[in-house]
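Understanding the architecture of this molecule
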Amino acid sequence: MSRPLYRGFSSGGRGSGCAGLDSFDVSYQTKELGENGFGYELMNPAGINRARQNLIFTILKLGLVVFIVLALSGSLYWAISISTSSPSSIYHGFRRLQEQVVSDLTEIGELSLGISRLKELEFCPPEYENYAPCYNNVSENFDLADPSVPIEYERKCVPDTEMHCLILPPRNYRIPLRWPSGRDFIWKENVKITGQEFSSGSLTKRMMVEEEQISFRSGSLMVDGVEDYTHQIAEMIGLRNESNFIEAGVRTVLDIGCGFGSFGAHLFSKQLLTMCIATYEVSGSQVQLTLERGIPAMIGSFSSRQLPYPYLSFDMLHCARCGIEWEKNDGIFLVEVDRLLRPGGYFVWTSQINTHRSLRDKENQKKWSIIHEFAESLCWDMLSQQDETIVWKKTSRRKCYSSRKAGPAVCGKSLDVESPYYQPLNPCIAGMRSPRWIPIEHRTPWPSRARLNSTELDIYGVHPEDFAEDAASWSSAIQSYWSLLSPLIFSDHPKRPGDEDPSPPFNMLRNVLDMNAHFGGFNAALLDAGKSVWVMNVVPANGPNYLPLIFDRGFIGVQHDWCEAFPAYPRTYDMVHAEGLLSLETHQKHRCSILDIFLEIDRILRPEGWIMIRDTAHLVETARTVITQLRWDARLMELDSSSDEKLLVCQKPFFRKQQ
């Protein structure tokens, strides 16, 4: 039996609205006075149940009436608003509603994946601070190594399923100075040095270590030394000074064993773009310090494999005491130089072995003779020699190779691969049959070189209409992209900067990496917009290979497999851009996961660095879910109502080590 209900009535009476009680069994109604002065009645339980049902039914009917009235009122207001609003207002309102719906559905999808899928990754142990995968290294394994003894670390990539953690910066890490200040001064705690790295006095390895900074302008000696050196090279080529390199067809330079990037830093002021390569080093890394200064660099070696660049890519190769023994292995290292050089390009070699005093030694004489004779067999002309420096010029005449009496053979078609990906060094001469065999002096000078004509585009199988459309698309997108580089977009009510708002400064970014560069249009648009950046244009090894086109535009880049680690140290890029990369990787039967790729982005990205991912809506929304594990701030942006693509803008937070 149900327990009797007790209902209180003010002043001991019933209101007129309680007429429904007439149907109750009044034989049990007994008026009593409670202790608090209010009366209550003891009622029949069965009657009370019927009263409750009637009350609920009445409330439901009233609620339905209210809902219908509100719905009709809202519909009327909406109809009036549409009739009085401009079409653009209606469109933007719909877009805001559409974006909010997508955001809400994405959040629901994230929740449906379960907590285990969204768990934030832990931070790596301290020994991973300078971890560079594919070179089989962890800092703790080499702390006892002798820095004076060079060790050759060959690239060997093995999947590391346990390496799912976030690398923290050094304890006293600071955000690098903006360009051009960052070219001359870097924070000492941002890189790993011991003091042994700059004791040799090499021209390209001069710097002054101060209390908090490393200065590459240690008085006027260093600057004047590089200026005098580049001026000397220009004169040896036959130019008035280094400002005439562009007129002579020199735009891209490969600096082998670049020291700390001072040669490339100076050439940048002359509109030359220099790529530094050096082997992996435990401390005092040439690549790490060069990138920290805002100069292009990557880990690379001549030891056993071809570099991941196309043949005929650089206008000049430079080696200043780079440590390579060019006379070894039957001259195969010089053959690799020849592969990378364009016709008419220059090889500049500076070494102590070239001095008259050094050549008094019979062993040095033998080495020098081997190098000199092999260079001749490659159809190189020695233009000049001054002190330690020799300049060779690669031939522009194909007939030279058939008229030689000795020397490396010309590659057959099966070995004449345009863009080898870390293939073994090839002892034959490559690229001679290529339609890209164009002497540097016949190429369009920079910056006009970046705009290829229809005849040039035909070499790469690219239609002029597609090239023009790509350029126009990126030109219009860059301004919007740049305006998004503000933490404002991650707030609860993000404000999209308008024309009246100040745009982020032109030098906000310096080191930029484009993970799927295509034609290099993103790079071109940034330069056209006056941004002080350089771009590492990456062409995925499993996609269309437009890297030769990128180099021929006067840009630099590299071929890379994104299921492997990029040849760089942690914290080296200010921005990573990926357009269409997820779609490309999805078609490869999931060789690696999106999380694996994003972990590599996190490794090479600086704290407070930016990530822009543009792809189909489904893949971008999937990426947004994965990003929660990396602790990035993220914002999903609409692009075009007619497009299925979305833009995901992310920023890596600055996590500090616990003291």
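Attention in this report is confined to the structure presented alongside it. Please read these numbers as outputs of a predicted model, since none were measured by experiment.

Section: the overall build of the chain
Across its full length, the chain holds 16 helices and 20 strands. With 659 residues in all, the chain has 51% of them scored as buried. Counting only contacts in the chain whose residues sit at least 6 apart along the sequence, the fraction spanning at least 24 positions is 70%. When the accessible surface of the chain is summed, it comes to about 32500 Å², and 53% of that surface belongs to carbon and sulfur atoms.

Brief notes about the packing of helix α11 (residues 464–483) against helix α12 (residues 521–528)
The interhelical angle for the contact between α11 and α12, taken along N-to-C directions, is 60°, at an axis separation of 8 Å. One element, α11, and the other, α12, form an angle in the oblique class. In terms of crossing hand, the pair formed by α11 and α12 is right-handed. Of the residues in α12, those touching α11 at D470, W474, S475, I478, Y481 and W482 are G521, F522, A525 and L526.

A short note on the sheet that holds strand β12 (residues 380–386)
On the basis of which strands lie adjacent, the open sheet formed by seven strands has the order β9-β8-β7-β10-β11-β13-β12 and mixed pairing. Edge positions in the open sheet fall to β9 (297–299) and β12, since each of these has one partner strand only. Taken pair by pair, the neighbouring strands of this sheet meet at an average axis angle of 20°, ignoring direction. Sheet topology note: the strand β11 (residues 341–350)/strand β13 (residues 389–394) ladder contains five bridges and is antiparallel. Looking at β13, one finds that Y346 is bridged to K393. Its contacts with the sheet place helix α7 (residues 332–340) against β7 (252–256), β10 (314–320), β11, β12 and β13, and it is angled at close to 135° to β11.

Notes on the pairing of strand β8 (residues 273–278)
Of all six residues making up β8, six are buried, and the element is well covered by its neighbours. Alternating positions in β8 separate into two faces, L273, M275 and I277 on one and T274, C276 and A278 on the other, with burial throughout. Note that β7 and β8 share five bridges and pair parallel. Its bridge partner being in β8, I256 is matched across the sheet by I277. Regarding topology, helix α5 (residues 262–268) serves as the crossover connection from β7 to the parallel β8, and that connection is right-handed.

A look at the state of the cysteines
Applying the stated rule across the entire model yields seven disulfides. Two residues share a disulfide in this structure: C134 and C157, whose sulfurs sit 1.9 Å from each other. Taking the torsion about the sulfur-sulfur bond, which here is approximately 115°, the covalent link between C134 and C157 counts as right-handed. Within this pair, whereas C134 is found in the loop between α2 (87–112) and α3 (181–184), its partner C157 is found in the loop between α2 and α3, the two being separated by 23 residues in sequence. Judged by its relative accessible area of 9%, C134 falls in the buried class. For C157, a relative accessible area of 28% translates into the label partly exposed. A sulfur-sulfur separation of 2.0 Å characterises the disulfide bridge that pairs C379 with C400. A torsion of -100° about the S-S bond marks the disulfide between C379 and C400 as left-handed. Highlighted residues: C379 in the loop between α8 (362–377) and β12 and C400 in helix α9 (residues 399–402), separated in sequence by 21 residues.

A short note on unusual backbone geometry
With an omega of 5°, the peptide bond between W179 and P180 qualifies as cis. Locating P180 in the fold gives a position in the loop between α2 and α3. For the bond running from W446 to P447, omega is 5°, close enough to zero to count as cis. Tracing the chain through its elements places P447 in the loop between α9 and α10 (454–459).

Describing the sheet that holds strand β4 (residues 185–187)
Pairing is antiparallel in the open sheet, where three strands are placed in the order β4-β6-β5. Each edge of the open sheet carries a strand with a single partner, namely β4 and β5 (208–209). As judged from the three bridges shared by β4 and strand β6 (residues 213–215), these two strands associate in the antiparallel manner. For F185, the partnering residue across the bridge sits in β6 and is S215.

Things to note about α11
In this model α11 runs 30 Å from its N-terminal to its C-terminal C-alpha over 20 residues, within 8% of the 28 Å that 1.5 Å per residue would give. The largest bend in α11 is about 30°, located at A477. Turning to α11, its buried residues number three or more, namely F467, D470, W474, A477, I478, Y481, W482 and S483. Buried-residue contacts for α11 involve α10, α12, α13 (547–552), β17 (573–579), β18 (605–616) and β20 (645–651).

A word on the nonpolar core
Residues Y309, W326, F347 and F598 are the most contacted members of the largest nonpolar core, which totals 128 residues. In terms of residue count, the dominant contributor to this core is helix α15 (residues 594–604) (seven residues). Summarising the domain contributions, this core has at least three residues from each of domain 1 (223–443) and domain 2 (449–489 + 507–652). Those residues in contact with W326, other than ones at most four positions away along the chain, are I256, C319, G331, F333, L334, V337, F347, W349 and I371. In this structure, Y481, I489, L509 and M612 belong to the second largest nonpolar core, which totals 21 residues.

Thresholds, definitions, all that
Residues numbered from 1 in each chain as written. Predicted model: local features only at pLDDT ≥ 70, side-chain atom pairs only at ≥ 80, totals over all residues. Heavy atoms only, no water. Helix = DSSP H or I, 4+ residues; strand = E, 2+ residues; numbered from the N terminus. Buried < 20%, exposed > 50% of the residue type's maximum accessible area, 1.4 Å probe, protein only. Contact = heavy atoms within 4.5 Å. Areas by Shrake-Rupley, 256 points an atom, 1.4 Å probe, with all protein chains shown as cover. Axes fitted to C-alpha atoms, helices over the stretch in contact; angles between N-to-C directions. Parallel < 35°, antiparallel > 145°, perpendicular 65-115°, else oblique. Left-handed = near helix turned anticlockwise from the far one by under 90°. Pairing = 2+ DSSP bridges. Right-handed = clockwise from strand over helix to strand, strands pointing away. Disulfide = S-S within 2.5 Å. Expected span 1.5 Å × (residues − 1). Bend = angle between axes of the 7 residues up to and from the residue. Core = buried A, V, L, I, M, F, W, Y, C linked by side-chain atoms within 4.5 Å. Domains from an automatic or database assignment.

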